[in-house]
Amino acid sequence: MAEFIDGKRISQEIKDELKERVAQLGTQGITGCLAVIQVGSDPASSVYVRNKKRACAYIGIQSQSYELDEHTSESELLELIDKLNKDEKINGILVQLPLPKGMDENKVIQAISPKKDVDGFHPQNVGALVSGLPGFVSCTPAGIIQLLKRSKIEAAGKNCVVIGRSNIVGKPMSLLMLRENATVTIAHSKTANLREVCKRADILIVAIGKPRFIDASYVKEGAVVIDVGIHRNAENKLCGDVDFDQVCPHVKAITPVPGGVGPMTIAMLMHNCVEAMAARIPSAN
């Protein structure tokens, strides 16, 4: 029987550790505040923003919410980001994606100070990851590394296949697995013989964006499967990119959806916020 990799439990462990660290930083007079900007009223984005604010409250840092009308201009958004970059009380700035049509996401991401880019999307932080230098790491891939480590799943020397090449998950995920000394293959929509490529994986990380796309025929017996996808099926129930019921009997360990990767993303966002706080300690500079 496959082990379920419990993202809820592990994310709670991380948040409890961060809560203690925030309290310790508070004794040194260091406080934290995350600025969350949402443009428009996309229901899914509103849920994510609410969860991020709750997580801030739990670990003991403040959050400031900026809910902008969907007709807000790009220049107005950039002006707000500039103001928050200069505000010393703000440790982290998060712009909830996707943005309304007509806004240049890359331009907006690049406007955020790399020192406050707790999403880890700024090119300077991405470049630091590529170079093995300190910087904020994209939260979902960082969360997957914690899922593996805290579940005692060894990556070194293993064959890892990452399906997906997005800047937010696929690319940083592959770099982090390389850092863990795995042998990494990146697969995507144009990969020839995808099924055969996936069946070579000791660790299969799926971020393909297609509900229940990966069935048992893609998975090596005894592999570890990490499902990044989240969708609603015909019965309006949450499901992932992996056909969980089909794949589960064949694998050593698997993340459920919900309750696997999802909770880890917010936990690692909080981790980045606390790192931004700690950077204010004089000896850390």
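Notes on the structure in this doc start here. Remember, predicted model here, so these are calculated numbers, not experimental data.

Section: empty space enclosed by the protein
And then number 1: Under the counting rule described, the total for this entry stands at one cavity of 30 Å³ or more.
And then number 2: Residue lining of the largest cavity: Val95, Leu97, Ile109, Ile112, Asp117, Asp119 and Phe121, and that is the complete set.

With respect to the layout of surface pockets
And then number 1: Put simply, the second largest pocket is a space of about 920 Å³.
And then number 2: Among the secondary structure elements, those contributing two or more residues to the lining of the second largest pocket are helix H3 (74-86), helix H5 (123-131), helix H6 (139-150), helix H7 (170-179) and helix H10 (262-278).
And then number 3: Among the residues making up the lining of the second largest pocket, the classes are represented as 15 nonpolar, nine polar and nine charged.

Structural notes on the pattern of salt bridges
And then number 1: Under the counting rule described, the total for this entry stands at 10 salt bridges.
And then number 2: With a closest N to O distance of 3.4 Å, Lys107 and Glu74 form a salt bridge. Of this pair, Lys107 sits in helix H4 (residues 105-111) while Glu74 sits in helix H3, and the two are 33 residues apart along the sequence.
And then number 3: We classify Lys107 as partly exposed; its relative accessible area is 45%.
And then number 4: Salt bridges sharing common partners tie together Arg9, Glu13, Glu17 and Arg150.

Quick notes on H10
And then number 1: When the terminal C-alpha atoms of H10 are compared, their 25 Å separation across 17 residues agrees well with the 24 Å that a helix rising 1.5 Å per residue should span.
And then number 2: Counting buried residues in H10 gives 12 out of 17 residues, a clear majority hidden from the surface.
And then number 3: Turning to H10, its buried residues number three or more, namely Met264, Ile266, Ala267, Met268, Leu269, Met270, Asn272, Cys273, Val274, Ala276, Met277 and Ala278.
And then number 4: For H10, the secondary structure elements touched by its buried residues are helix H1 (7-27), strand E2 (33-39), helix H2 (43-59), strand E4 (92-95) and H6.

Here we look at the pairing of strand E6 (residues 183-187)
And then number 1: Pairing analysis gives five bridges linking strand E5 (residues 159-163) to E6, with the strands arranged parallel. If you follow Ile163 over to E6, its bridge partner there is Ala187.
And then number 2: Between the parallel pair E5 and E6, the chain is carried across by H7, and the sense of this crossover is right-handed.

Considerations on the sheet that holds E2
And then number 1: Read from one edge to the other, the open sheet built from three strands follows the order E3-E2-E4, with strand pairing classed as parallel. In the strand order of this sheet, the two ends are held by strand E3 (62-68) and E4, each with one partner. The sheet shows a mean angle of 15° between the axes of neighbouring strands, taken without regard to direction.
And then number 2: The sheet strands contacting H3 are E2, E3 and E4, and the helix crosses E2 at an angle near 180°.

Quick notes on the pairing of E3
And then number 1: Note that E2 and E3 share seven bridges and pair parallel. Opposite Val36, over in E3, you have Ser65 as the bridge partner.

Side note on the nonpolar core
Soluble globular proteins tend to pack their nonpolar side chains together in the buried interior.
And then number 1: Leu34, Met177 and Ile205 are the most contacted members of the largest nonpolar core, which totals 53 residues.
And then number 2: Ranked by residues supplied to this core, first place goes to H10 with 11 residues.
And then number 3: When near neighbours in sequence (up to four residues on either side) are disregarded, Leu34 contacts Cys56, Gln62, Ser63, Gln64, Gly92, Ile93, Leu94, Val118, Leu269, Met270 and Cys273.

What to know about the packing of aromatic side chains
And then number 1: In this structure the tally under the stated criterion is two aromatic pairs.
And then number 2: Ring geometry for Phe213 versus Tyr218: centroids 5.7 Å apart, planes at 50°, classification tilted.
And then number 3: Since its relative accessible area comes to 8%, Tyr218 is described here as buried.
And then number 4: One Lys or Arg, Lys19, reaches over the ring of Tyr58 and ends 4.4 Å from the middle of that ring.
And then number 5: Taking the ring centre of Tyr218 as reference, the NZ or CZ of Arg195 above it sits at 4.4 Å.

Reading the values: the criteria
The residue numbering used here restarts from 1 in each chain and proceeds along that chain's sequence as written. Predicted model: local features are reported for residues with pLDDT of at least 70 only, side-chain atom pairs are reported and counted for 80 or more only, and whole-chain, interface and lining totals are derived from all residues. Remark: hydrogens and water are excluded; side-chain values derive from all non-hydrogen atoms of the structure. The method works on a 1 Å grid over the protein atoms by themselves. A cavity is a set of points holding a 1.4 Å probe that cannot get out, a pocket is an open set with protein on both sides within 12 Å along at least five of seven lines, and residues with an atom within 4 Å of a point line them. Grid points are joined across faces, edges and corners, and a volume is the space filled by probe spheres set on the points. Secondary structure follows DSSP: runs of H or I at least 4 residues long count as helices, runs of E at least 2 residues long count as strands, and numbering of each begins at the N terminus. Gly falls in the polar group here, along with every residue not listed as nonpolar (Ala, Val, Leu, Ile, Met, Phe, Trp, Tyr, Cys, Pro) or charged (Asp, Glu, Lys, Arg). The term salt bridge refers to a pairing of a side-chain nitrogen on Lys or Arg with a carboxyl oxygen on Asp or Glu at a separation within 4 Å. We call a residue buried when its accessible area falls under 20% of the maximum for its residue type, exposed when it is over 50%, and partly exposed in between, using a 1.4 Å probe and counting protein chains only. The length a helix should cover is 1.5 Å for every residue beyond the first. In what follows, residue pairs with any heavy atoms lying within 4.5 Å of each other are defined as contacts. For two strands to count as paired, DSSP must find a minimum of two bridges between them. Handedness rule for crossovers: strands pointing away from the viewer, path from the first strand over the helix to the second running clockwise, crossover right-handed. The axes used here are C-alpha line fits, helices contributing only the stretch in contact, and every angle between their N-to-C directions lies in the interval 0 to 180 degrees. The criterion is simple. A nonpolar core is a set of buried Ala, Val, Leu, Ile, Met, Phe, Trp, Tyr and Cys residues joined through side-chain atoms within 4.5 Å. Planes of paired rings set the category: under 30 degrees apart is stacked, over 60 is edge-to-face and the rest tilted, where pairs are Phe, Tyr or Trp rings (Trp by its six-membered ring) whose centres lie within 6.5 Å. We call a charge positioned above a ring when the Lys NZ or Arg CZ atom is no farther than 6 Å from the ring centre and deviates by at most 35 degrees from the ring normal.

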